[in-house]
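Examination of the molecular architecture
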Amino acid sequence: MTYISGDRESGPTRRALLVAGAGAALAAGCAPGGTPGAPAPTPSGSAPSGLAAAAGPTPGAMTLFKDPAYNFNGLLALGASGAGAAEVGEVLTAVNAINGAGLSAQTYVETFRKLGDQLLGPPPGAPAAAQTKRFRALRAAQYYGQALFFVLGSEDPGSEEQLYEAGRDAWDTFCDLCEPAPVKAAVPYGTTPIPVWFFRPDTSNAPRPTVILTNGSDGQNVDMWTYGVPAALERGWNALVYDGPGQGQLLFVDRVVFTPTWEKVVSPLVDWLSARPDVDRDRIALTGLSMAGDLAPRAAAFESRIAALVAMPGCVEPWLGFPPEIRQILTPSKEETNDIWNTKVVPELPPEAAAVMKKRFEPFSVPAMLEARQGRLFTDFYTPATRIQALSITSVVSRIKAPTLVLDYDDEQFYPGQPRRMYDALTSPKDYVKLTAAQGAQLHCSPMAPQLHCEVVFDWLQETLPGGGS
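Residues numbered from 1 in each chain as written. Predicted model: local features only at pLDDT ≥ 70, side-chain atom pairs only at ≥ 80, totals over all residues. Heavy atoms only, no water.

**Regarding the packing of helix α4 (residues 88-101) against helix α5 (residues 105-119)**
Selection criterion: All axes here are fitted lines through C-alpha atoms, helices being fitted over the stretch that makes contact, and every angle between N-to-C directions spans 0 to 180 degrees. Numbered from the N terminus, helices here are DSSP runs of H or I no shorter than four residues, and strands are runs of E no shorter than two. Handedness of a crossing follows from how the near helix is turned relative to the far one, being left-handed for an anticlockwise turn of less than a right angle and right-handed for a clockwise one. In this description, contact between two residues means that some pair of their heavy atoms is separated by no more than 4.5 Å. Gly falls in the polar group here, along with every residue not listed as nonpolar (Ala, Val, Leu, Ile, Met, Phe, Trp, Tyr, Cys, Pro) or charged (Asp, Glu, Lys, Arg).
For the pair α4 and α5, interaxial distance at closest approach is 9 Å and the crossing angle is 145°. For the pair α4 and α5, the sense of crossing is right-handed. Judged by residue contacts, E90, A94, A97, I98 and A101 of α4 engage T107, Y108, T111, F112, L115 and L119 from α5. In terms of residue class, the contact of α4 with α5 is built from eight nonpolar, two polar and one charged.

**Regarding empty space enclosed by the protein**
In this approach the atoms are scanned with a rolling probe the size of a water molecule, which exposes any empty space left behind. Put simply, the test is: The way it works is a 1 Å grid over only the protein atoms, where trapped points that fit a 1.4 Å probe form a cavity and open points with protein on both sides within 12 Å along at least five of seven lines form a pocket, and then any residue with an atom within 4 Å of a point lines it. Grid points are joined across faces, edges and corners, and a volume is the space filled by probe spheres set on the points.
Put simply, the largest cavity is a space of about 110 Å³. Of all the secondary structure elements, the ones that give two or more residues to the lining of the largest cavity are α6 (130-150), α7 (160-176) and α8 (221-226). Here the element with the most residues in the lining of the largest cavity is α7; it accounts for five residues. A per-class count over the lining of the largest cavity returns seven nonpolar, four polar and one charged. The volume enclosed by the second largest cavity comes to roughly 60 Å³. Surrounding the second largest cavity, 13 residues form its lining, S217, D218, G246, L251 and F252 being those nearest its centre. No other element matches helix α10 (residues 248-252), which puts three residues into the lining of the second largest cavity. Grouping the constituent residues of the lining of the second largest cavity by class yields three nonpolar, seven polar and three charged.

**A look at the pattern of salt bridges**
What counts here: Counted as salt bridges are all cases of a side-chain nitrogen of Lys or Arg within 4 Å of a carboxyl oxygen of Asp or Glu. Each residue is placed in one exposure class: buried if its accessible area under a 1.4 Å probe, protein chains only, is under 20% of its type's maximum, exposed if it is over 50%, and partly exposed if it falls in between.
Taken as a whole, this structure holds 19 salt bridges when the rule is applied. D172 is the salt-bridge partner of R168, the closest N and O atoms lying 2.9 Å from each other. Separated by four residues within a single helix, R168 and D172 lie in helix α7, roughly one turn from each other. Of the residues examined, D172 reaches a relative accessible area of 15% and is grouped as buried. One salt bridge connects D459 with R235, and the closest N-O pair in it is separated by 2.9 Å. With D459 in helix α19 (residues 450-464) and R235 in the loop between α9 (229-234) and β5 (238-242), the pair connects residues that are 224 residues apart, well separated along the chain. On the accessibility criterion, D459 (44% relative accessible area) is partly exposed. What makes R235 buried here is its relative accessible area of 14%. Counted as one network, the salt bridges with shared partners bring together R168, D172, D176 and K184.

**A few points about the packing of α6 against α7**
Two quantities define a packed helix pair, namely the angle between the axes and the distance from one axis to the other. Defined as follows: Note that the term roughly parallel is reserved for angles under 35 degrees, roughly antiparallel for angles over 145, roughly perpendicular for angles of 65 to 115, and oblique for everything else.
Interhelical geometry of α6 versus α7 gives an angle of 160° and a closest axis separation of 7 Å. Here α6 is positioned roughly antiparallel relative to α7, judged by the angle of their axes. Where α6 crosses over α7, the two elements pack in a sense that is left-handed. Between α6 and α7, the residues in contact are R134, F135, A137, L138, A140, A141, Y144, A147 and L148 and E160, L163, Y164, A166, G167, A170, W171, T173 and F174, respectively.

**A closer look at the confidence of the model for the protein**
Definition in use: Every residue is assigned a pLDDT by the predictor, reflecting its confidence on a scale from 0 to 100.
On average, residues of the protein score 90 in pLDDT, and 88% of them reach the 70 mark or higher. Within the model, the stretch residues 5-24 combines pLDDT values under 50 with 35 contacts to residues more than four positions away or in other chains. In the predicted structure, residues 27-54 sits below a pLDDT of 50 and forms 47 contacts with residues beyond four places in sequence or in another chain.

**Examining the nonpolar core**
Let me state the cut-off plainly: As used in this record, nonpolar core signifies buried Ala, Val, Leu, Ile, Met, Phe, Trp, Tyr and Cys residues forming a set joined through side-chain atoms within 4.5 Å.
Counting residues in hydrophobic clusters, the biggest one holds 143 residues, and the most contacted among them are W171, F199, F381 and L461. In terms of residue count, the dominant contributor to this core is α6 (10 residues). When residues no more than four places from it in sequence are discounted, the contact partners of F199 are W171, C175, C178, P182, W225, V229, L233, N238, A239 and V241.

**Describing unusual backbone geometry**
Excluding glycine, residues mostly carry a negative phi; peptide bonds, for their part, are mostly trans. With an omega of -5°, the peptide bond between E179 and P180 qualifies as cis. Here P180 shows up in the loop between α7 and β2 (183-187). Cis geometry marks the peptide bond from M312 to P313; its omega dihedral reads 0°. Even without being glycine, C445 reaches a positive phi, approximately 65°. Tracing the chain through its elements places C445 in the loop between β9 (430-435) and α19.

**Side note on the environment of R305**
This is how the line gets drawn: A 3.5 Å cut-off defines polar contacts: any pair of N or O atoms within that distance qualifies, except that in protein one atom must be a possible hydrogen donor and the other a possible acceptor, and neighbouring residues in sequence count only when both atoms are side-chain atoms.
Mapped onto the elements of the fold, R305 is located in the loop between α12 (292-302) and β7 (308-312). A relative accessible area of 32% places R305 in the partly exposed class. Filtering out sequence-adjacent residues up to four positions away, R305 remains in contact with S267, V270, D271, S274, R281 and I284. Engagement of the side chain of R305 in a polar contact is seen with the backbone oxygen of S267, the distance being 3.5 Å.

**Some words on the side chain of T107**
Tracing the backbone through its elements, the reader meets T107 in helix α5. With near-sequence residues (within four places) excluded, T107 lies in contact with I98, A101 and G102.

**As for α6**
Stated formally: Expected helix span is computed as 1.5 Å times (number of residues minus one).
Taking 1.5 Å per residue, 21 residues should reach 30 Å; α6 reaches 31 Å between its end C-alpha atoms and fits that length. Counting buried residues along α6, 16 of its 21 residues qualify, which places the element largely inside the surrounding structure.

**Details of the packing of aromatic side chains**
Stated formally: We call Phe, Tyr and Trp rings a pair once their centres come within 6.5 Å, taking the six-membered ring for Trp, and we label the pair stacked below 30 degrees between planes, edge-to-face above 60, and tilted otherwise. Any Lys NZ or Arg CZ found within 6 Å of a ring centre and within 35 degrees of that ring's normal is scored as a charge over the ring.
Here the structure, examined in full by the defined rule, presents 27 aromatic pairs. For R420, the ring lying beneath its charged end belongs to Y432, and the centroid distance is 5.0 Å.

Here it is in structure tokens:
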């Protein structure tokens with residue numbers, strides 16, 4: 001862990017877009033055009049570099065699948081085991097089955113969907129007790145989420161909403177069996193209320209520090225359990241989980257896409273929390289995982305009631321998470337952009353890359369989502385691309401007043417260099433932590449080390465906003 005306090009062509013050629021690894025870069029989720037930040041110095045207490053893995057970002061047993069996109073998602077499932085949101089044996093058995101059948105979106109979706117279905121039944125030998133049902137439902141939510149991520153590339157993309165509903169039902173089953181069960185509510189937001197789940201250590205109504213956990217562009221509620229809820233509860237904090245625009249229910253069912261003005265999402269949540277007797281309104285923190293490392297800071301720049309902020313990782317321009325071969329498709333002209341997309345790119349885009357584009361663009365375009373569910377690639381590139389561009393927060397980071405922790409990761413594949421850019425632009429009290437390969441915490445959001453991830457985040461929050469429990 002590292003810790004410190006020009007001219008453009010009129011349009012890309014087909015060769016420039018489809019050669020040089022555009023499809024492979026998309027599938028891997030990497031951003032070769034990202035601007036790297038200056039490396040942070042390594043303190044004397046860090047592990048020596050010789051302890052770090054030397055065989056790439058996922059050496060040895062960390063490589064579950066040869067394809068890096070599938071491998072990253074598999075590692076997220078495996079890492080969730082520490083929070084009870086997966087089972088090591090279940091995940092590795094699924095990995096073996098998928099590899100044995102031949103890795104594809106279809107085999108991945110089929111295997112994890114079947115595993116989710118199985119877990120909604122009792123374990124072998126006896127009827128399931130309530131606690132058993134609870135954690136089997138949590139694991140089912142994880143496995144349905146795994147299937148959901150790749151369903152648009154499968155033989156049945158039209159089952160996307162059904163798969164989401166299966167995962168949501170499993171999540172709600174889990175929540176209903178928690179002690180105490182989280183408070184469920186619908187917080188007003190425009191014409192579509194935001195569903196929330198408010199977790200508490202107990203029902204005493206004692207005012208406690210509270211953390212709002214913000215998901216990224218393709219995470220599910222179960223991921224917020226892995227990356228925050230137990231850690232908060234163990235420290236005597238409340239934790240709020242929610243679906244914002246472009247996420248969960250609002251995307252897959254209500255069909256509301258991402259908004260660049262995330263403060264309009266967070267402010268109603270703060271209003272709702274501040275009205276509760278069991279919330280200390282002076283100690284409300286906000287975290288953002290994955291692309292929410294952009295959304296949460298945007299909200300904190302305009303919502304003054306946020307007392308502490310964590311960006312996991314820091315992200316200032318989500319558009320840079322796409323390869324340059326894809327970004328250069330976008331021109332100032334909608335007509336020109338869509339002509340390049342439909343005549344020069346789509347006809348020769350490899351199927352794997354096309355599936356990634358469907359997935360990456362659906363939270364920004366309802367037509368793109370609906371076309372993908374029918375097995376087609378969207379024809380309007382311009383509209384969702386400009387919406388992603390609009391998420392840039394480079395001009396507002398300096399407005400943030402709350403103490404801020406910026407996380408970074410070795411081998412960060414989506415937003416390389418951006419955490420450091422955010423840290424340097426902050427004018428509020430700030431800290432920067434880089435999780436490393438020597439700790440097994442490399443890659444975007446440390447998929448193999450969510451427990452370490454939570455230790456870093458919640459110990460920092462506990463120190464910054466003391467109070468609650470131990």
